[in-house]
Every structure is written in C-alpha cells, then in structure tokens.
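Architecture at a glance
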Amino acid sequence: MAKYEYWLTTEGLILIEAWARDGLTDEQVAKNIGVNRDTLYTWKKKYPDISDALKRGKEVVDIEVENALFKKATGFTRTIKKAIKVKEVLYEAGKRKSEKEHIEFADEEIYIPPDTTAQIFWLKNRKPDTWRDKQNVELSGEIKTNNPYEGLTTEELKKLIHNG
C-alpha cells in the first residue's frame, strides 16, 4: 500500500483530524505522518479528504478558542472544589477522648470578572473600523494661507533677514 493510501482510510483521517484539533501545525502533522511538509501540501491539493480532515480539526479548536475568549472578555462564573479541613473531636463522659482531622471538598462558585485585554482584542478584530488604533480620517475642502512674503524676490527676502 502506498504511504498516502493509509491516510485516506477512516482511521487515518480520524488521526489527522485529531492532530489538527490538538493544535498541531501542518508541519507537525506531516512529521507524525512520516512525510515532509511539501508532501502533505501536495496531498491536501490532490486528496480533498485529507484537506477536509485538517480543516474540521482546526475549526473545532478555533471555535473553542473563540468561545473561551468571549467568556474571558465578558466574565463568567465557575464552580471550583474547595478543600476544607475538618476537625472531629470525640468526647466520652464529658472528657476529650480523641481528635481526628480530615479534608472535605465543597463546591464553591467564583466569579471571574471581564478581562480588558480580551475585550480590546475582541473588538479590534471583530469591529476594526471602530476599534483599531489607527483611524483613517479624510478631509475635504481647501486650506487657504496668507503668506505675507509671497511675491518677494530672493534678494528682497535676504534683505529682510539681515536687516531684521
């Protein structure tokens, strides 16, 4: 079987998609396959199944990152496990008999506030005409100036400089 044929099978395509989903670059995927990057590019052009598998894998990751960026920009609530030290003291007939400590875990909700940097990044990329740092401003009309030295010769200007 030629090397590319395995990668056109269901199993091969699933692996390629998974590597792309894991964030591997095309160069890293090519290395995993055992070919150089140029061969992978040729395969992508020649075999749409390989190209589609890479696109599907990357698309999932891109959407996950977009969702995470959105959450970071807008703030969110998260449930965490909080460790609590519990001390148990046993009494018998009013006297302390034994003492034990153990850890219990309880769910606690915490609020992660919006992140300004994530907001700026989101807005600059989603609404560049409004939020980019550099804005293009076009002016119309004409600028008129009044130059009191207009029409003077070079000699007349030199006289003004030396006498003034």
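Reading the values: rules and limits
Residues numbered from 1 in each chain as written. Predicted model: local features only at pLDDT ≥ 70, side-chain atom pairs only at ≥ 80, totals over all residues. Heavy atoms only, no water. Pairing = 2+ DSSP bridges. Helix = DSSP H or I, 4+ residues; strand = E, 2+ residues; numbered from the N terminus. Salt bridge = Lys/Arg side-chain N within 4 Å of Asp/Glu carboxyl O. Buried < 20%, exposed > 50% of the residue type's maximum accessible area, 1.4 Å probe, protein only. Axes fitted to C-alpha atoms, helices over the stretch in contact; angles between N-to-C directions. Parallel < 35°, antiparallel > 145°, perpendicular 65-115°, else oblique. Left-handed = near helix turned anticlockwise from the far one by under 90°. Contact = heavy atoms within 4.5 Å.

Turning to the pairing of strand 1 (residues 76-92), a few remarks are in order. Bridge count for strand 1 against strand 2 (residues 95-112) is 17 bridges, and the pairing is antiparallel. If you follow Ile84 over to strand 2, its bridge partner there is Glu104. In textbook terms, the turn of a hairpin is the stretch between consecutive antiparallel strands, and for strand 1 and strand 2 this stretch comprises 2 residues, one of which, Ala93, has a positive phi near 55°.

Looking now at the pattern of salt bridges. Summed over all chains, the structure comprises 12 salt bridges. Among the salt bridges present, the one from Lys87 reaches Glu99, with a minimum N-O distance of 3.7 Å. Here Lys87, found in strand 1, pairs with Glu99, found in strand 2; they are 12 residues apart in sequence, far enough to count as distant. Of the charged contacts, one joins Asp129 and Arg132 as a salt bridge, the two residues approaching to 3.7 Å between their closest N and O atoms. On the basis of relative accessible area, Asp129 is assigned to the exposed category, the value being 60%. Residue Arg132 is classed as partly exposed on the basis of its relative accessible area, which comes to 35%. Among the charged side chains, a network of salt bridges with common partners joins Glu17, Arg21 and Arg56.

Take the packing of helix 5 (residues 48-74) against helix 6 (residues 116-126) next. Remark: helix 5 packs on helix 6, axes separated minimally by 8 Å, with the N-to-C direction vectors making an angle of 125°. Looking at the two axes, helix 5 sits oblique to helix 6. Where helix 5 crosses over helix 6, the two elements pack in a sense that is left-handed. In contact with Glu66, Leu69, Phe70, Lys72 and Ala73 of helix 5, helix 6 contributes Ala118, Gln119, Phe121 and Trp122.

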